[in-house]
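Chain and residue survey
One letter stands for each residue in the lines below.
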Amino acid sequence: MQRGFIFCLVALIVTVAAQTTSPTYSPTVIETTIEEAAAGTVPIAMHQLVVVENAGSSVVRVKSFDLNSHNLAYKLKSVPDSGSIFQLSQVFSSYGYEPKAGVQILAAETTVTGSNNRIYYQRPSPDAVGVDKWDTFNFIVVSEDGVSSYEGTVTLVPPSGAIAGSSFLLGSEAWTIEGNKAASSAATFEPYSRGALLNHYVLGADDKINVQSAGAADQSLWYFRAPAKYEGNLGISYGGSLEFTLSSFSGDFSASNGDDVNVVLLECAECDGPVGKGITLGYPISALNASPNGAFDGSPLRVSIPLKEGTATGWVKDSQNSLQAWGAASKCDLIQVLSRLSKVRVLGDWTPWHETVALDDVQLRNTKGQLPICAMSRPDASICTC
């Protein structure tokens, strides 16, 4: 009889647990500021970065910021194209026992039912690691009084932290050259291996020299411009790094165009700048020379630039005033530009005269989400109070 009582009790607990799901509310999107979120009047769906092994899986907890302790519903607004996503099984959601995967989620507008707002993501098998992120999916949170957040994005990356990259294995991957006689021209692809650091790469050469006197710096600088996959909302890369390999095949690197010339330029055309529309951030040669990367003298060099503010990192901001020097970039400057990138450029014109420079193995990467909540009240960080 005691055994029968225990069996009935366990059956009752499982039945109740099976009937327990996350709440569902009808969303009403309102204008949200970080002040309102801090006051607890609206929730924020938080951007997240999740590392998933090759052919592996991960239990993903979608997160929110809400000081008012609302009873929140979590609703997916998109599903990843690469890999599969599932609700948690009832036994794993309630007791932590395998299997983890429950019903597969095949469409948006699905409410998360797993405990602690958790779902299960599975990579395909066999799988292959590339130079880009695995995928992303979006979600919102809805309070019990029907107030909805803006969309938060969960970015799924391999262990390398790859978000966007170019290996140039099969071609130039739409990289272009800007700053020469032509406003824009295709970068030259070379399917060759040259030493340990160059293996299939793109190439650019100077065809426009603009010096005011002998030995003076070139006033017309050419850059490699990144393709469209390096544009848009890549704010989750904040705190990570931008990496690439440089090498020169010709040119006199005993003279340079100046330490204030920027090795990398990041632009946000829609951001509000110091004077007018737009923010441009630069990473100057002086910062490169002082960094662990060391100076570029034409020899093959692997460069890793931290995507974080501070004097130690070296990022500066265009003052939009020709009489005022560029100043140190702030946390919000870097986050806002990364969250609304309109152009990414890497310097090719290092000398006052002609040079030929190669670019290889470009990688935007991060393995730990470091976006602060003070930059999440809008998905694109257009409001930042950090």
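Structure report, in brief.

The rules behind these values
- Residues numbered from 1 in each chain as written.
- Predicted model: local features only at pLDDT ≥ 70, side-chain atom pairs only at ≥ 80, totals over all residues.
- Heavy atoms only, no water.
- Phe/Tyr/Trp six-rings, centres within 6.5 Å; stacked < 30°, edge-to-face > 60°.
- Buried < 20%, exposed > 50% of the residue type's maximum accessible area, 1.4 Å probe, protein only.
- Lys NZ or Arg CZ within 6 Å of the ring centre and 35° of its normal.
- Pairing = 2+ DSSP bridges.
- Helix = DSSP H or I, 4+ residues; strand = E, 2+ residues; numbered from the N terminus.
- Contact = heavy atoms within 4.5 Å.
- Axes fitted to C-alpha atoms, helices over the stretch in contact; angles between N-to-C directions.
- Core = buried A, V, L, I, M, F, W, Y, C linked by side-chain atoms within 4.5 Å.
- 1 Å grid on protein atoms, 1.4 Å probe; cavity = no way out; pocket = protein on both sides within 12 Å on 5 of 7 lines; lining within 4 Å.
- Points joined across faces, edges and corners; volume = space filled by probe spheres on them.
- Nonpolar A, V, L, I, M, F, W, Y, C, P; charged D, E, K, R; others polar.

**Let's talk about the packing of aromatic side chains**
Two descriptors summarise a pair of aromatic rings, namely the distance from one centre to the other and the angle between the planes of the rings. Applying the stated criterion to the full structure yields eight aromatic pairs. Aromatic side chains phenylalanine 168 and tryptophan 175 sit 6.0 Å apart centroid to centroid with 70° between the ring planes, which places their arrangement in the edge-to-face category. Considered together, phenylalanine 168 and tryptophan 175 belong to a single accessibility category, that of buried residues. Residue placement shows arginine 345 over the ring face of tyrosine 223; its charged tip is 5.2 Å from the ring centre.

**Here's the deal with the sheet that holds strand β22 (residues 277-284)**
To summarise the sheet geometry, strands pair through backbone hydrogen bonds and adopt either a parallel or an antiparallel arrangement. With antiparallel pairing, the eight strands of this open sheet are ordered in space as β16-β15-β19-β26-β21-β22-β24-β25. Each end of this open sheet is capped by a strand with a single partner; those strands are β16 (184-186) and β25 (327-328). Note: strand β21 (residues 262-272) against β22, seven bridges, orientation antiparallel. Looking at β22, one finds that cysteine 268 is bridged to isoleucine 279. The sheet contacts of helix α5 (residues 331-339) involve β21, β22, β24 (316-317) and β25, and relative to β21 the element is tilted by about 80°.

**Comments concerning the nonpolar core**
Counting 61 residues, the largest nonpolar core has Phe244, Leu266, Trp315 and Trp350 as its most contacted members. The greatest single-element share of this core, amounting to six residues, is contributed by β21. The contact partners of tryptophan 350, leaving out residues within four places of it in the chain, are Leu246, Phe253, Ala255, Ser256, Asn257, Val263, Ile285, Leu288, Phe296, Glu355 and Val357. Formed by 19 residues, the second largest nonpolar core is a distinct cluster that contains Val50, Val60, Leu72 and Phe137.

**Comments concerning empty space enclosed by the protein**
All told, the structure shown has four cavities of 30 Å³ or more when counted by the stated rule. Space inside the largest cavity adds up to approximately 60 Å³. What lines the largest cavity is simply Tyr230, Leu234, Leu242, Leu266, Leu307, Leu338, Leu341, Val344 and Leu364. Estimated volume of the second largest cavity: approximately 50 Å³. What lines the second largest cavity is a set of 10 residues, among which Ile44, Ala45, Tyr150, Met376 and Ser377 lie closest to the centre. Tallied by class, the residues present in the lining of the second largest cavity amount to six nonpolar, three polar and one charged.

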